[in-house]
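What follows is the residue order along each chain.
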Amino acid sequence: MFKTNSFLDVLKHLAVMAVIILVLVIGFFYVYLPSTTNHGESISVPRIEGMQLADAEELLEDQNLRYYINDSTYKPDLKPFQVLTQDPAPGAKVKENRKIYISVNMKNPPMIKMPKLIDGSVKNAELILKSYDLKKGKLTYVPDLQQGAILKQFVNGKEVKPGDMIPKGSVIDLHIGDGLGNSEFEMPSVVGMPVDEASVLLVGQGLQIGNIIYVPGSDKADGTVLKQRPFPEVGAKIRVGELVDLWVAGREPLEGIE
């Protein structure tokens, strides 16, 4: 009888201990833990892209969130310290105190090396400038026989050489050859000369042959220059590289027939 009572007492104590443990487990996981860690709760990430950094910081603090700047770049068309990207994305569900990774627009542009545009064409320069995040500025045509070729490059009125350090996003002004030289001389007269001799003379003086207009029915021998433009007036000046149009007696020869 004594042993039976002792066994029942042990069972009662074990049952009490089991109940106590069960109550502790339930209280810890379903009462204490949720109340201290917001277990099971989540926060919707607000949209901070496009906001100023100070405003984004204030909004995140109100939502019990943090931020970390993991990248920065320079976009001249956007305000300094504007938030460009965020991760996690807007609307994502996260726990409070979660760190939001962002990139921002820099206040000052980074310095980059000036690319080489000299001797190239304007079209080629536009492609190069775009790849370097630079902008094409004013085009100024200056006397030079390299027609269409870039001669000099400028930033804020100062000439820059390839390799010079300039701010990213700078406006690049260009000087371009107009195909004409600086030197001037009196316009030579080729009227009355055979067109082939006239062409040799003009080209030899640095001029270009423009249009050749044939005039049938002239009393002059075929191939004779009847008129020229610019006209060989007394004191008339012409620059190296300019075009000279010629009017020639006879009919235009058929292509391929001499």
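Residues numbered from 1 in each chain as written. Predicted model: local features only at pLDDT ≥ 70, side-chain atom pairs only at ≥ 80, totals over all residues. Heavy atoms only, no water.

### Things to note about the pattern of salt bridges
We count it as follows: Only one rule defines a salt bridge in this text: a Lys or Arg side-chain nitrogen within 4 Å of an Asp or Glu carboxyl oxygen. The numbering of helices and of strands both runs from the N terminus, where a helix is a DSSP run of H or I of at least 4 residues and a strand a run of E of at least 2. When a residue's accessible area, from a 1.4 Å probe over protein chains only, is under 20% of the maximum for its type it is buried; when over 50% it is exposed; and in between it is partly exposed.
Scanning the model with the defined rule gives five salt bridges in all. Measuring nitrogen to oxygen at the nearest pair gives 3.3 Å for the salt bridge that ties D133 to K168. Of this pair, D133 sits in the loop between α3 (122–131) and β7 (135–142) while K168 is found in the loop between β10 (165–167) and β11 (171–177), placing the two residues 35 residues apart along the sequence. With a relative accessible area of 22%, K168 lands in the partly exposed category.

### Side note on the nonpolar core
In plain terms, the rule: In plain words, nonpolar cores are sets of buried Ala, Val, Leu, Ile, Met, Phe, Trp, Tyr and Cys residues tied together by side-chain atoms within 4.5 Å. In this description, contact between two residues means that some pair of their heavy atoms is separated by no more than 4.5 Å.
By size, the foremost hydrophobic cluster in this structure holds 15 residues, and its most contacted members are M114, L117, L134, I150, I166, I172 and L174. Among the secondary structure elements, those contributing two or more residues to this core are α3, β8 (150–155) and β11. If you tally residues by element for this core, the top one is α3, at four residues. If near-sequence neighbours (up to four positions away) are discounted, I172 is found in contact with M114, L117, L129, L134, K135, K136, G137, K138, Q153, F154, V155 and I166.

### Quick notes on α3
Here is the rule: Each C-beta atom gives one direction from the helix axis, and the arc is the one those directions make.
Turning to α3, its buried residues number three or more, namely V122, A125, I128 and L129. Down the axis of α3, the sector holding all buried residues measures 115 degrees, keeping them to one side. Turned more than 90 degrees away from the buried face of α3, the exposed residues are K123, L127, K130 and S131. Looking at the buried residues of α3, the elements they touch are β7, β8 and β11. Phi turns positive, to about 60 degrees, at D133, one or two residues after α3.

### Brief notes about the UniProt feature "domain: PASTA" (unreviewed entry) in the protein chain
The following threshold applies: UniProt positions are given in the numbering used here, feature names are shortened, and annotations may be inferred rather than shown by experiment.
When the UniProt feature table is mapped to this numbering, "domain: PASTA" (unreviewed entry) covers residues 40–106, 108–178 and 181–250. The span residues 108–178 shows a helical share of 14% and a strand share of 41%, and its end C-alpha atoms are spaced 37 Å apart.

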